[in-house]
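# Descriptive analysis of the structure
Residue strings, one per chain:
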Amino acid sequence: MLLTKNFPLAEFEFSHTALMHGIDNNIPPEMFVRARDLAREIMQPLRDFVDSPISVSSGYRSPELDRILKNKHQGWISHSQHTKGEAADLRPPFGWTNIELAQVIINLGLPFDQMIVELPNRGWLHVSHRSGRNRREVRTWLGEPGVYPLGIVL
Ligand SMILES: [Zn+2]
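Here is what the cut-offs are and how they apply
- Each chain has its residues counted from 1, running along the sequence as written.
- This being a predicted model, a pLDDT of at least 70 is required before a residue's local features are given, and a value of 80 or more before pairs of side-chain atoms are given or counted; all residues contribute to the totals for chains, interfaces and linings.
- The helix count covers DSSP runs of H or I at least four residues long, the strand count covers runs of E at least two residues long, and both are numbered beginning at the N terminus.
- Radius of gyration: over C-alpha atoms. The globule rule applied is 2.2 Å multiplied by the number of residues raised to the 0.38 power.
- Exposure classification rests on a simple neighbour count of other C-beta atoms within 10 Å of a residue's own: a residue reaching 20 or more is buried, one at 12 or fewer is exposed, and one in between is partly exposed. C-beta atoms are placed from the backbone.
- The term nonpolar core refers to a set of buried Ala, Val, Leu, Ile, Met, Phe, Trp, Tyr and Cys residues connected through C-beta atoms within 7 Å.
- Working definition of a contact: two residues with C-beta atoms, positioned from the backbone, lying within 7 Å.
- In this description, one arc is meant: the one made by directions from the helix axis to the C-beta atoms.
- Here, strands pair whenever DSSP counts at least two bridges between them.
- Whenever a helix is involved, its axis is fitted only over the stretch in contact; in every case the axis is a line through C-alpha atoms, and angles between N-to-C directions fall within 0 to 180 degrees.

### With respect to the overall build of the chain
A count of helices and strands for the chain gives six helices and eight strands. Order of helices (α) and strands (β) in the chain, N terminus to C terminus: β-β-α-α-α-β-α-α-β-α-β-β-β-β. For the chain, the C-alpha radius of gyration of 14 Å lies close to 15 Å, the compact-globule estimate for 154 residues. Once the C-alpha set of the chain is aligned to its principal axes, its extents read approximately 40 × 35 × 30 Å. Counting the 154 residues in the chain, one finds 32% classified as buried.

### Topic: the nonpolar core
Ranked by internal contacts, the top residues of the largest apolar core, which has 27 residues, are Ile105 and Val127. For this core, the secondary-structure elements that each account for two or more residues are helix H3 (29-50), strand E4 (87-91), helix H6 (98-107), strand E5 (114-118) and strand E6 (124-128). Beyond its immediate stretch of four places on either side in the chain, Ile105 contacts Ile42, Leu46, Leu110, Phe112, Met115 and Val127.

### Points about unusual backbone geometry
The backbone of Leu119 shows a phi angle near 55 degrees, a positive value even though the residue is not glycine. The topology assignment puts Leu119 in the loop between E5 and E6. In this structure, Asn121 takes a positive phi of about 75 degrees despite not being glycine. Structurally, the position occupied by Asn121 is in the loop between E5 and E6.

### Focus on the environment of Pro28
Mapping Pro28 onto the fold places it in the loop between helix H2 (16-21) and H3. Since 10 C-beta atoms lie within 10 Å of it, Pro28 is described here as exposed. With 17 residues separating them in the primary sequence, Pro28 and Pro45 have C-alpha atoms 25 Å apart.

### Remarks on H6
The set of residues buried in H6 consists of Asn98, Leu101, Ala102 and Ile105. Projection of H6 onto a plane perpendicular to its axis shows the buried side chains occupying an angular sector of 100 degrees, all on one side. Each element contacted by the buried residues of H6 is listed here: H3, E4, E5, E6 and strand E7 (137-141).

### With respect to the pairing of E6
Most of E6 is tucked away, with five of its five residues classed as buried. Here E6 shows a buried face lined by Trp124, His126 and Ser128 and a second buried face lined by Leu125 and Val127. Pairing between E4 and E6: four bridges, direction antiparallel. The partner of Ala87 across the bridge, within E6, is Ser128.

### Topic: the sheet that holds E5
The six strands lie next to each other as E3-E4-E6-E5-E7-E8, forming an open sheet whose pairing is mixed. Each edge of the open sheet is held by one strand with a lone partner, namely strand E3 (55-58) and strand E8 (148-149). Each of E4, E5, E6 and E7 touches H6; the most contacted strand, E5, lies at about 160 degrees to it.

Set out below in structure tokens:
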């Protein structure tokens, strides 16, 4: 099943950690629409603009998976929107940085709720979408506990 033409649901649900711990990480049916809207409103237009594959390193996280990740990684921030099917971590395609992807999302006027530029220039981009109530908040994560307003002018 596809969320949009370039984003399979299976990729949005896949997690190495869930696999290793035998956790069911299938998105509950009532959350599917949120994931589909995130892909439709943000991920697919972004992907179309950059015209290169963007992989989802983490999409849906069941509450159990989220707990394990929190315990496992020091400085890990639990983005609860992953547990609601509203958020995805996007790996920039070759030749792009996470800051540039955030810039494209802003320039295209896409209705994001929150973006977190995780490890600027070398990491990934966390992006969320909520139907009808998007804050357009941009923050950064520097590998320590806590997220901060992005000190980089986009
Ligand atoms: Zn995230």
